[in-house]
Amino acid sequence: MRAIILLPILVIAAATAYQGFFPERTTEPFSELAILGASMKIADYPRELRVNESFTLYLYVGNREGRVTYYSILVKLGNRSNFINETVPMDAPIIATYEKILMDNETWIHPTVLSINKPGVNLRLVFEMWIFDEALQGFKYHGRWNQLWLNVTAPRPPP
Amino acid sequence: MISIMVVSSSTTFIDRTNTMISEAAAYALSAPSRATSSSVATIENEEARGKIIEAFKAVADAEEKGGDVIPLVIELNSALDLIREAEFTKDEALMKEALIGLDEVIEKAPKVGQQGIAASRWKQINTIVALGIEVSLALIAYIYAPQAFWKIWIKVKGKWRVKAVDGR
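## Considerations on the overall build of chain A
Then, number 1: Regarding its fold elements, chain A presents one helix and eight strands.
Then, number 2: Start at the N end of chain A and walk to the C end: the helices and strands fall as α-β-β-β-β-β-β-β-β.
Then, number 3: Taking the principal axes of its C-alpha atoms as reference, chain A extends roughly 95 × 35 × 25 Å.
Then, number 4: Out of the 159 residues belonging to chain A, those deemed buried represent 28%.
Then, number 5: Long-range contacts, defined as pairs at least 24 residues apart, comprise 69% of the intrachain contacts of chain A with a sequence gap of at least 6.

Listed below in structure tokens is the structure:
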């Protein structure tokens, strides 16, 4: 009899104590990086472009790190020979940088209009995520990257 | 071993940023986006860069203490946008405005942190009070519940009569 009445009260007390003294923590912190096409979907990416032809992409960044985070997204233009993976950023020219500070669980979608002024085949437009590291006093490559393969052809000669 | 290599590589890389941007300028260009600027270059004003980092650290610290840093983050992002715009348009007044904004964030952040600590203390006090009430309820139930239950049972069913049923 006593146990039947005591049990629910004790369960409620344990839940109260847990919520009060152990704040919610992110168990698996991570960040999201994505490139969306002109229609803000994971589609409609440019593939064949003319020199100096503008194209629109949307940058998507999501913070699930469990803390406020300072992001820097570097846009680089390389080619097939440039190496990149989760630990090594691409050694190629930076063509744009986007910086944003995001709260935990906040996402950011940012429009970006780019154009390339030289022809090339199998060019890689790479978006790298860097995060401000207090210990380093600077940005550190976070291992997240996306890429688009582009063929850029010379403009048509005037008739 | 690998992580040490990454750290050193990233540091070197950031240091080369400006050189690489000028290299890239010959190759590709980025037109202004809908927001404040094209962000072709990273923030070059040393004072602004230092203040952004200082403000970010202050905000991160305030958040760790449990403070509500949403308004500070909004202010910080506005200052970032203003700095980019000021560098793009070479507008001194805008830069000044952005630096004032950053100073405000740096000034407000410790107060927000203190508010966070106070809120967290208040939450702990609430928890202790709630726990006290729950434990008291448990004790009262443990001592008086059986007695109360049987009292109620007798009140409800005390006048019932036992009747023999045929066939049993």
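There is more to say, and it comes next.
## Some details on the overall build of chain B
Then, number 1: A tally of regular secondary structure across chain B gives five helices and one strand.
Then, number 2: Listed by position from the N terminus, the elements making up chain B come as α-α-β-α-α-α.
Then, number 3: By sequence separation, contacts in chain B at least 24 residues apart represent 67% of the contacts at least 6 residues apart.

## Concerning the packing of helix α3 (residues 46-64) of chain B against helix α4 (residues 70-89) of chain B
Residue and element names in this part refer to chain B.
Then, number 1: Two elements in contact, α3 and α4, have axes whose closest approach is 11 Å; the angle formed by their N-to-C orientations is 170°. On the basis of their axis angle, the class for α3 and α4 is roughly antiparallel. Touching A48, I52, A55, F56, V59 and A62 of α3 are L72, V73, L76, L80 and I83, all from α4.
Then, number 2: Tallied by class, the residues present in the contact of α3 with α4 amount to 11 nonpolar, no polar and no charged.

## Examining the nonpolar core
Then, number 1: Among the nonpolar cores identified, the biggest contains 53 residues, and A:I73, B:F56, B:V59, B:L72 and B:L76 are the most heavily contacted of them.
Then, number 2: Each residue touching A:I73, except ones within four places of it in the same chain, is listed here: A:L59, A:V61, A:Y98, A:F127, A:E128 and A:M129.

## Examining the confidence of the model for chain B
Residues and elements named next belong to chain B.
Then, number 1: Taken as a whole, chain B shows an average pLDDT of 77; of its residues, 74% reach a score of 70 or greater.
Then, number 2: Across residues 1-41 the pLDDT falls below 50, and counting only partners more than four positions away or on other chains, this stretch makes 68 contacts in the model.
Then, number 3: Confidence metrics for the complex model read pTM 0.75 and ipTM 0.84.

## Quick look at the environment of B:E75
All names here are of chain B.
Then, number 1: With respect to the helices, strands and loops of the structure, E75 is situated in helix α4.
Then, number 2: Each C-alpha atom, one on E75 and one on M95, is 14 Å from the other, the two residues being 20 residues apart in sequence.
Then, number 3: Sequence-distant contacts of E75, defined by excluding residues within four places in its chain, comprise G101, E104 and V105.

## Considering unusual backbone geometry
Residue and element names in this part refer to chain A.
Then, number 1: Its identity is not glycine, yet D44 carries a phi of approximately 60°, on the positive side.
Then, number 2: With respect to the element layout, D44 can be found in the loop between β1 (30-36) and β2 (48-50).
Then, number 3: When the 13 C-beta atoms within 10 Å are taken as the criterion, D44 is described as partly exposed.
Then, number 4: The backbone phi angle of Q137 is positive, close to 60°, even though this residue is not glycine.
Then, number 5: On the secondary structure map, Q137 appears in the loop between β7 (120-133) and β8 (138-153).

## Considerations on the sheet that holds β7(A)
All names here are of chain A.
Then, number 1: Strand order in the open sheet made by the five strands is β2-β8-β7-β4-β5, with mixed pairing throughout. Edge positions in the open sheet fall to β2 and β5 (94-102), since each of these has one partner strand only. The average undirected angle you get between the axes of adjacent strands in this sheet is 35°.
Then, number 2: Looking at chain direction, β7 and β8 are connected through 12 bridges and run antiparallel. Across the sheet, the residue bridging to F132 is F139, located in β8.

## With respect to α4(B)
In an α-helix, one full turn covers 3.6 residues, which means residues spaced three or four apart are oriented alike.
Then, number 1: Counted at 1.5 Å a residue, the expected span for α4(B) with its 20 residues is 28 Å, and the 29 Å between its end C-alpha atoms agrees.
Then, number 2: The complete set of buried residues in α4(B) reads B:L72, B:V73, B:L76, B:A79, B:L80, B:L82, B:I83, B:R84, B:A86 and B:E87.
Then, number 3: Turning to α4(B), the residues buried within the fold contact β5 of chain A together with α3 and α5 (92-157) of chain B.
Then, number 4: Just past α4(B), the residue B:K90 takes up positive phi, approximately 55°.

What counts and how
- Residues numbered from 1 in each chain as written.
- Chains lettered and ligands numbered in written order.
- Predicted model: local features only at pLDDT ≥ 70, side-chain atom pairs only at ≥ 80, totals over all residues.
- Helix = DSSP H or I, 4+ residues; strand = E, 2+ residues; numbered from the N terminus.
- Buried ≥ 20, exposed ≤ 12 C-beta atoms within 10 Å, placed from the backbone.
- Contact = placed C-beta atoms within 7 Å.
- Axes fitted to C-alpha atoms, helices over the stretch in contact; angles between N-to-C directions.
- Parallel < 35°, antiparallel > 145°, perpendicular 65-115°, else oblique.
- Nonpolar A, V, L, I, M, F, W, Y, C, P; charged D, E, K, R; others polar.
- Core = buried A, V, L, I, M, F, W, Y, C linked by C-beta atoms within 7 Å.
- pLDDT = per-residue confidence, 0-100.
- Pairing = 2+ DSSP bridges.
- Expected span 1.5 Å × (residues − 1).

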